[in-house]
Amino acid sequence: LHLVLAVGIITMITGKCMMLSRNDIKKTLGYSTIGQMGYMIMECGFGAFSLAVFHLIAHGLFKATLFLSCGDVIHRARLE
């Protein structure tokens, strides 16, 4: 579990650093998802498997709504 925890920390830090360096909103959301997956892996490394599954479902629903809203904003911005 210590190895899983280390991989989660590395994934989280990498995803968050890449997210901060992008200027496209969809790429930013994509790298944010990588960072959140790092958090989920960290939760597994701590032994909180049920929390990781809950985090996965909640994040999936939230991010799906966010991507759809983001697409609508981009579409409306291009029309103006």
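Read on for an overview of the structure.

### Brief notes about the environment of His-75
By the element assignment, His-75 lies in helix α3 (residues 49-79). The exposure class assigned to His-75 is partly exposed, which follows from its relative accessible area of 47%.

### Concerning the environment of Ile-34
Relative to the helices and strands, Ile-34 resides in helix α2 (residues 25-46). Residue classification places Ile-34 among the partly exposed residues on the basis of a relative accessible area of 36%. On a C-alpha basis, the gap between Ile-34 and Met-18 in space is 9.4 Å, while along the polypeptide they are 16 residues apart. Those residues in contact with Ile-34 that lie beyond four places of it in its chain are Thr-11 and Gly-15.

Calculation notes
Residue indices begin from 1 for each chain and proceed along its sequence in written order. With pLDDT at 70 or above as the cut-off, local features in this predicted model cover only qualifying residues; side-chain atom pairs require 80 or more to be listed or tallied, and sums for whole chains, interfaces and linings still use all residues. With hydrogens and water stripped out, all remaining heavy atoms of the structure feed into the side-chain values. Secondary structure elements follow DSSP: runs of H or I of four or more residues count as helices, runs of E of two or more count as strands, with numbering from the N terminus. Partly exposed describes any residue whose relative accessible area lies between the buried limit of under 20% and the exposed limit of over 50%, with all areas from a 1.4 Å probe on protein chains only and scaled to the type maximum. Residue contacts are counted whenever heavy atoms from the two residues lie within 4.5 Å of one another.

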